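Here are the chains, one letter per residue:
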Amino acid sequence: MTTESMPNEEESPSLLLVDDDPTFCDVLQMALTRRHYDVQVAHNIGDALALAESLDPEYAVIDLRIGHESGLELVEKLIALDSNTRIVMLTGYASIATAVEAIKLGATHYLTKPADADEIVAALHKDEGDTSVQIKDKPLSVKRLEWEHLQKVLVEHDGNISAAARSLGMHRRTLQRKLDKRPVKD
């Protein structure tokens, strides 16, 4: 890319990065800045909304879990502010339930960590589904099915752990312990 074809700062698209991990944000901010995005970072939903209202970002990369807050709430609020914002939900706690909800709420794509900057940029610009995605030959394990069910019930109760635990007939602390574990890989 020649210097003449590189966008100047005025042409750099604005991107809101929201994650509660400062180190991850620093690394991803540098990588996205090198790819000519004007990146603003927030570490909680309140700060993210304040930035979004003043910045009007074209793109957003949002972690599913922002401290004890849900990135799903932020997706909904950003789309309410500007339905053209292209959002990628990024998470280390992937589940079918949260992926479906993120897309229903307006996210463009859903990626699991670790995802590199190139994958994130590709997801931000992806407009269509991919029929070449591999279908697994093996069904989900019982542990993974349990994880998926817990996530589904949690989403149904708007992230309220106490209400989800009552619905599941288990103690709140038991559910919290199960949710704090990383999802089982298949």
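Predicted model only: the values in this text are computed from it and were never measured.

**Q** Hey, could you run me through the nonpolar core in this one?
**A** Generally speaking, a soluble globular protein has its nonpolar side chains buried in company with each other. Membership of the largest hydrophobic core comes to 23 residues, with the highest contact counts inside it found for Ile-62, Leu-74, Leu-78, Ile-87 and Met-89. Sorting the residues of this core by element identifies β1 (14-18), α2 (45-55), β3 (59-63), α3 (71-81), β6 (86-91) and α4 (96-105) as the ones contributing at least two each. The element contributing the most residues to this core is α3, with five residues. Once residues lying within four places of it in the same chain are set aside, the contact partners of Leu-74 are Val-18, Ile-45, Ala-48, Leu-49, Ile-62 and Ile-66. In this structure, Leu-15, Leu-32, Val-61 and Leu-124 belong to the second largest nonpolar core, which totals 19 residues.

**Q** Looking at this structure, how should I read the pattern of salt bridges?
**A** Oppositely charged side chains can pair when the atoms bearing their charge come close. Taken as a whole, this structure holds four salt bridges when the rule is applied. Close ionic contact of Lys-104 with Glu-101 constitutes a salt bridge, the shortest N to O distance being 3.8 Å. Residue Lys-104 and its partner Glu-101 are located together in helix α4, separated by three residues, close to a single helical turn. Judged by relative accessible area, Glu-101 falls into the partly exposed class, the value being 24%. When salt bridges with common partners are traced through the structure, they connect Asp-19, Asp-63 and Lys-113 into a single cluster.

**Q** I tried to follow the sheet that holds β3 on my own but got confused; where do I start?
**A** The pairing of strands in a sheet happens through backbone hydrogen bonds and is either parallel or antiparallel. Taken together, the five strands give an open sheet; going across it, the order is β2-β1-β3-β6-β7, and neighbouring strands pair in parallel fashion. Two strands close off the open sheet at either side, each with one partner strand: β2 (38-42) and β7 (109-112). Averaged over all pairs of adjacent strands, the angle between their axes in this sheet comes to 20°, without regard to strand direction. Contacts from α2 reach β1 and β2 within the one sheet, and its direction differs from that of β2 by about 150°.

**Q** How do you make sense of the layout of surface pockets when you look at a structure like this?
**A** Rolled over the atoms, a probe with the dimensions of a water molecule shows which regions are left empty. Estimated volume of the largest pocket: approximately 710 Å³. Sorting the residues of the lining of the largest pocket by element identifies β5 (69-70), α3, α4, α6 (142-156) and α8 (172-180) as the ones contributing at least two each. Looking at the lining of the largest pocket residue by residue, the classes come out as eight nonpolar, seven polar and seven charged.

**Q** I'm lost on unusual backbone geometry in this one. Help?
**A** Working note: non-glycine residues mostly have negative phi, and peptide bonds are mostly trans. Backbone geometry at His-36 places phi at a positive 75°, although glycine is not the residue there. For His-36, the position within the fold is in the loop between α1 (22-34) and β2. According to the relative accessible area criterion, His-36 is partly exposed, its value standing at 21%. One non-glycine residue, Asp-56, adopts positive backbone phi at about 50°.

**Q** So what exactly am I meant to see when it comes to the pairing of β2 here?
**A** Two faces make up the sheet, and in a regular strand the side chains alternate between them. In the sheet, β1 pairs with β2 via five bridges, with the strands oriented parallel. Across the sheet, Leu-15 pairs through a bridge with Val-39, a residue of β2. Crossover handedness for the path β1 to α1 to β2: right-handed.

**Q** Any chance you could explain the packing of aromatic side chains here in plain terms?
**A** Geometrically, a pair of aromatic rings is defined through the distance of the ring centres and the angle of the planes. Counted under the stated rule, the structure contains one aromatic pair. Taken together, a centroid distance of 5.6 Å and an interplanar angle of 85° make the contact between Tyr-37 and Tyr-59 edge-to-face. Separated by 22 residues along the polypeptide, Tyr-37 in the loop between α1 and β2 and Tyr-59 in strand β3 bring together distant segments of the chain. There is no split in this pair, since Tyr-37 and Tyr-59 are both buried.

**Q** What exactly am I supposed to notice about a negative patch on the surface here?
**A** Taken together, Glu-69, Glu-73, Glu-76 and Asp-158 make up a surface patch of like negative charges. You can see Glu-76 is positioned in helix α3. Residue Glu-76 is classed as partly exposed on the basis of its relative accessible area, which comes to 46%.

**Q** I would appreciate a short explanation of the side chain of Ser-14 in the present structure.
**A** The residue Ser-14 is located in strand β1 in this model. Of the polar contacts made by the side chain of Ser-14, one reaches the backbone nitrogen of Glu-58; its length is 3.1 Å. With sequence-adjacent residues up to four places away left out, Ser-14 is seen in contact with Asp-38, Leu-55, Asp-56, Pro-57, Glu-58 and Tyr-59.

What counts and how
- Residues numbered from 1 in each chain as written.
- Predicted model: local features only at pLDDT ≥ 70, side-chain atom pairs only at ≥ 80, totals over all residues.
- Heavy atoms only, no water.
- Core = buried A, V, L, I, M, F, W, Y, C linked by side-chain atoms within 4.5 Å.
- Buried < 20%, exposed > 50% of the residue type's maximum accessible area, 1.4 Å probe, protein only.
- Helix = DSSP H or I, 4+ residues; strand = E, 2+ residues; numbered from the N terminus.
- Contact = heavy atoms within 4.5 Å.
- Salt bridge = Lys/Arg side-chain N within 4 Å of Asp/Glu carboxyl O.
- Pairing = 2+ DSSP bridges.
- Axes fitted to C-alpha atoms, helices over the stretch in contact; angles between N-to-C directions.
- 1 Å grid on protein atoms, 1.4 Å probe; cavity = no way out; pocket = protein on both sides within 12 Å on 5 of 7 lines; lining within 4 Å.
- Points joined across faces, edges and corners; volume = space filled by probe spheres on them.
- Nonpolar A, V, L, I, M, F, W, Y, C, P; charged D, E, K, R; others polar.
- Right-handed = clockwise from strand over helix to strand, strands pointing away.
- Phe/Tyr/Trp six-rings, centres within 6.5 Å; stacked < 30°, edge-to-face > 60°.
- Patch = residues over 30% accessible without salt bridge, like charges linked within 9 Å, V, L, I, M, F, W, Y side chains within 5 Å.
- Areas by Shrake-Rupley, 256 points an atom, 1.4 Å probe, with all protein chains shown as cover.
- Lys, Arg positive; Asp, Glu negative; His and termini not counted.
- Charge placed at Lys NZ, Arg CZ, Asp CG, Glu CD.
- Polar contact = N/O pair within 3.5 Å; in protein donor to acceptor, adjacent residues only side chain to side chain.

Any functional reading would require information beyond the geometric quantities listed.
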